[in-house]
Amino acid sequence: MKIQFQVALAPYSTLRIGGPAEYFCEAKTREELIEAVAWAIKGQLKIHILGNGSNTLIADQGVKGLVIRNLISAIKILETQKSWPRPKVQPRFQLLQSDPKLKELSYDETKYPPVLVRLDSGAYLPRAIFSLISQGITGLEWFSGIPATAGGATYINLHGADKFWSDYLVEAEVINRQGQVKTVPLDYFNYDYDRSILATSGDLVLTVTLQLRRGPAKQALEIAKFWQLKKSHQPQRSLGCIFQNLSQAEQKQLKLPTPSIGYLIDKQLKLKGTQVGQAWIPNQHAGFVENLGGATQKDVLTLIKKVKTKAKTQLGLDLKLEVVTWQN
Ligand SMILES: Cc1cc2nc3c(=O)[nH]c(=O)nc-3n(C[C@H](O)[C@H](O)[C@H](O)COP(=O)(O)OP(=O)(O)OC[C@H]3O[C@@H](n4cnc5c(N)ncnc54)[C@H](O)[C@@H]3O)c2cc1C
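Remember, it's a predicted structure, so these values are computed and weren't measured experimentally. (Residues numbered from 1 in each chain as written. Predicted model: local features only at pLDDT ≥ 70, side-chain atom pairs only at ≥ 80, totals over all residues. Heavy atoms only, no water.)

Enquirer: Hey, could you run me through the overall build of the chain in this one?
Expert: Check the secondary structure of the chain and you find 10 helices and 16 strands. Taking 20 Å as the expected radius of gyration for a compact globule of 328 residues, we find that the chain reaches 20 Å, a close match to that expectation. Considering only C-alpha atoms, the chain reaches an extent of 50 × 50 × 30 Å along its principal axes. Here the contacts in the chain between residues at least 6 apart in sequence split such that 71% fall between residues at least 24 apart. For the chain, the exposed area adds up to about 15,000 Å²; of that, 51% sits on carbon and sulfur atoms. (Helix = DSSP H or I, 4+ residues; strand = E, 2+ residues; numbered from the N terminus. Rg over C-alpha atoms; globule rule 2.2 N^0.38 Å. Contact = heavy atoms within 4.5 Å. Areas by Shrake-Rupley, 256 points an atom, 1.4 Å probe, with all protein chains shown as cover.)

In C-alpha cells:
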C-alpha cells in the first residue's frame, strides 16, 4: 500500500469536482484496506473512503486526513441457504407500475432457490451484475446501469426500480473506528430510504453478503440491458439525483402524479436549465446537476440552495439531499 500526498480527487468523482486529499491511497486487496485504516488510526487522521465517487460532492479545498480509493473487487458464490427476513423500507416511487416494459419483465423472485453471494465492497456493480447473470444468478438486475460500488450501495441503500439494496443484503464485514473487523447482520444498518447507520458510525464496509437467486437468467439479462440503456441516457458527469424523491405524504399533499424530484424541479419549480458557473440542471433530467466543464463545489452548492429556497417558499417543502457532501 503506497500513501501519496496532496492527490486531486476530481478524477475519482463522476462529477469531476474535488480538491486534493491530504493523504491518499488505493486499496487493491482486503489486507491493504485494513492496513490503510490502521495507518490512519495510528496517525490520528480522519478516514474517508471512496467507491466510484458517484454520490460524493467533494470540497474544492480538498479534504483533510486519508482518502482510501476502494478497488477490492472479488465476487464469491457461497452455498445456497434458506431465505432471510427482510426489513421494511417504504419505496418512494413505483417505476415498475408506470413502465409497461418493466412490468411485463418483472417476476416473483421468491419462486427461485436462494444463493448467497459475497461481494468485496469495491466491486463495481455494472460489471458484477452481468457477471452474476452469466452464472445464472439473478436479483441485482434492477440496479443495472448505476455506476456504484457495493460499498457505496451499502452506505446509501441503493435503489433501482422498486427495489432497495436492503432487499438483498444479509450481512457485511465492516472495519470499525478502532480498526477491528466484525461481521454485522442486516439489522445493524438501520436502513431507511437513502440512509444507513454508516453515515454516523464511520464503519467502512469490507465485504457484503447478499441473498440472490438461481433465477430466470434470460429475463434478468433483458431487465439489466433495459436499465443499462435507460441510465446511459442520463447525464454521466453528475452524481445522479441531488435530492431525495418526495415522500408519499408530500406527494399526496401537493397532489402530484409522481414523487419524482425531477418532475418537481421541472414542472413545479420550473428550474430546468438553471445554471450557476459551470454547473446546471440539465434538460435530460431535472433531478440531476451536471458539470459542464470547470464547475466547482461552490457552484453546485449555490444551485442546490436555489432549488431548496424555491421549494420552501413556493411549496413549503424541505428538500433532503441524496448526495454526500465532503467538506474540508
Ligand atoms: C448517472 C448516475 C445515475 C445514478 N442513478 C442512481 C439510481 O438509480 N439509484 C441510486 O440509488 N443512486 C443512483 N446514483 C447515485 C450513486 O450511483 C449511488 O448513490 C451509489 O450507491 C454510489 O456508489 P459509489 O461507490 O459511487 O459511492 P461513493 O460516491 O464513492 O461514496 C458515497 C458514500 O458512501 C461511502 N462509501 C463508499 N464506499 C464505502 C465503503 N466501502 N464503506 C463505507 N462507506 C462507503 C463514501 O464514503 C461516501 O460517503 C446515480 C449516479 C449517477 C452518476
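Enquirer: Before we go on, may I ask you to explain the site of the ligand in this structure?
Expert: Surveying the vicinity of the ligand reveals 34 residues, the closest of which are Ile49, Gly51, Ser54, Thr149 and Lys231. Within the side chain of Ser54, an N or O atom sits 2.6 Å from an oxygen atom of the ligand. Relative to its unbound accessible surface of 980 Å², the ligand loses 96% to contact with the protein. Where the shell around the ligand is concerned, the elements lending two or more residues are β3 (47-50), α5 (150-156), β12 (204-213) and β16 (324-326). Per-element tally for the shell around the ligand: the top contributor is α5, with five residues. In terms of residue class, the shell around the ligand is built from 16 nonpolar, 16 polar and two charged. When residues of the shell around the ligand are assigned to domains, at least three map to each of domain 1 (4-70) and domain 2 (75-232). (Near = heavy atom within 4 Å. Polar contact = N/O pair within 3.5 Å; in protein donor to acceptor, adjacent residues only side chain to side chain. Nonpolar A, V, L, I, M, F, W, Y, C, P; charged D, E, K, R; others polar. Domains from an automatic or database assignment.)

Enquirer: Please explain the nonpolar core as it appears in this structure.
Expert: Side chains of nonpolar character tend, in soluble globular proteins, to be buried together. Grouped together as the largest cluster of nonpolar side chains are 40 residues, with contacts concentrated most on Leu119, Leu125, Leu140, Trp165, Val208, Leu210 and Leu212. Mapped onto this core, the elements with two or more residues apiece are α3 (100-105), β7 (114-120), α4 (125-134), α5, β10 (169-175), β12 and α7 (217-232). If you tally residues by element for this core, the top one is α7, at five residues. In terms of nonpolar packing, the next biggest core, distinct from the first, is built from 30 residues, Ile281, Leu303, Ile304 and Leu315 among them. (Core = buried A, V, L, I, M, F, W, Y, C linked by side-chain atoms within 4.5 Å. Buried < 20%, exposed > 50% of the residue type's maximum accessible area, 1.4 Å probe, protein only.)

Enquirer: Before we go on, may I ask you to explain the sheet that holds strand β11 (residues 181-185) in this structure?
Expert: Within a sheet, each strand pairs with its neighbour through backbone hydrogen bonds, oriented either parallel or antiparallel. Here we have five strands laid out as an open sheet, ordered β6-β7-β12-β10-β11, and antiparallel in their pairing. Two strands close off the open sheet at either side, each with one partner strand: β6 (75-77) and β11. Taking the axes of each pair of neighbouring strands and ignoring which way they run, one obtains an average angle of 20° across the sheet. Looking at chain direction, β10 and β12 are connected through six bridges and run antiparallel. Among the inter-strand pairings, Ile175 is bridged to a residue of β12, identified as Leu204. Packed onto the sheet, helix α1 (residues 30-42) meets β10, β11 and β12 and runs at close to 140° relative to β12. Relative to β6, α4 is tilted by about 30°, and along the sheet it contacts β6, β7 and β12. (Pairing = 2+ DSSP bridges. Axes fitted to C-alpha atoms, helices over the stretch in contact; angles between N-to-C directions.)

Enquirer: What am I meant to see in the sheet that holds strand β14 (residues 279-280) here?
Expert: Within the open sheet, the three strands sit side by side as β13-β14-β15. Their pairing is antiparallel. A strand with exactly one partner marks an edge of an open sheet, and here the two such strands are β13 (275-276) and β15 (290-291). Sheet analysis places β13 next to β14, joined by two bridges and oriented antiparallel. Bridge pairing in β14 links Gln275 to Trp280.

Enquirer: What is the right way to look at empty space enclosed by the protein in this model?
Expert: By rolling a water-sized probe across the atoms, one finds the places where empty space is left. Following the criterion strictly, the structure yields two cavities of 30 Å³ or more and no others. The computed volume of the second largest cavity comes to approximately 30 Å³. Of the residues that constitute the lining of the second largest cavity, the class distribution is eight nonpolar, one polar and no charged. (1 Å grid on protein atoms, 1.4 Å probe; cavity = no way out; pocket = protein on both sides within 12 Å on 5 of 7 lines; lining within 4 Å. Points joined across faces, edges and corners; volume = space filled by probe spheres on them.)

Enquirer: Hey, could you run me through the packing of aromatic side chains in this one?
Expert: By convention here, two paired aromatic rings are described through the distance between centres and the angle between planes. The tally for this structure, following the rule as stated, stands at 10 aromatic pairs. Seen from their ring centres, Tyr107 and Tyr112 are 5.9 Å apart, and the 85° between their planes marks the pair as edge-to-face. A relative accessible area of 27% places Tyr112 in the partly exposed class. Note on Tyr188 and Phe189: the rings are 5.7 Å apart at their centroids and 85° apart in plane angle, and the pair reads as edge-to-face. (Phe/Tyr/Trp six-rings, centres within 6.5 Å; stacked < 30°, edge-to-face > 60°.)

Enquirer: Even after reading the chapter, I still don't get the domain arrangement of the chain, so can you show me in this structure?
Expert: Annotation of the chain at the domain level lists domain 1 (4-70), domain 2 (75-232) and domain 3 (248-322). On a C-alpha basis, the centres of domain 1 and domain 2 stand 24 Å from each other. With 13 residues of domain 1 at the contact, the number on the domain 2 side is 17 residues. Taking both sides of the interface into account, the surface hidden between domain 1 and domain 2 amounts to around 1,100 Å²; carbon and sulfur atoms contribute 65%. On the surface where domain 1 and domain 2 come into contact, there are one salt bridge. (Buried area = accessible area lost by both parts, 1.4 Å probe. Salt bridge = Lys/Arg side-chain N within 4 Å of Asp/Glu carboxyl O.)

Enquirer: Sorry, what's going on with the pattern of salt bridges here?
Expert: If the charged atoms of two oppositely charged side chains come close together, the side chains can form a pair. Summed over all chains, the structure comprises seven salt bridges. Between Arg69 and Glu26 there is a salt bridge, with the nearest N and O atoms lying 2.7 Å from each other. Note that Arg69 is positioned in strand β5 (residues 63-70) and Glu26 in strand β2 (residues 20-27), a separation of 43 residues in sequence. Residue class for Arg69 comes out partly exposed when judged on its relative accessible area of 22%. Here Glu26 falls in the partly exposed class, since its relative accessible area comes to 23%. Here Lys163 makes a salt bridge to Asp162, at a shortest N to O gap of 3.8 Å.

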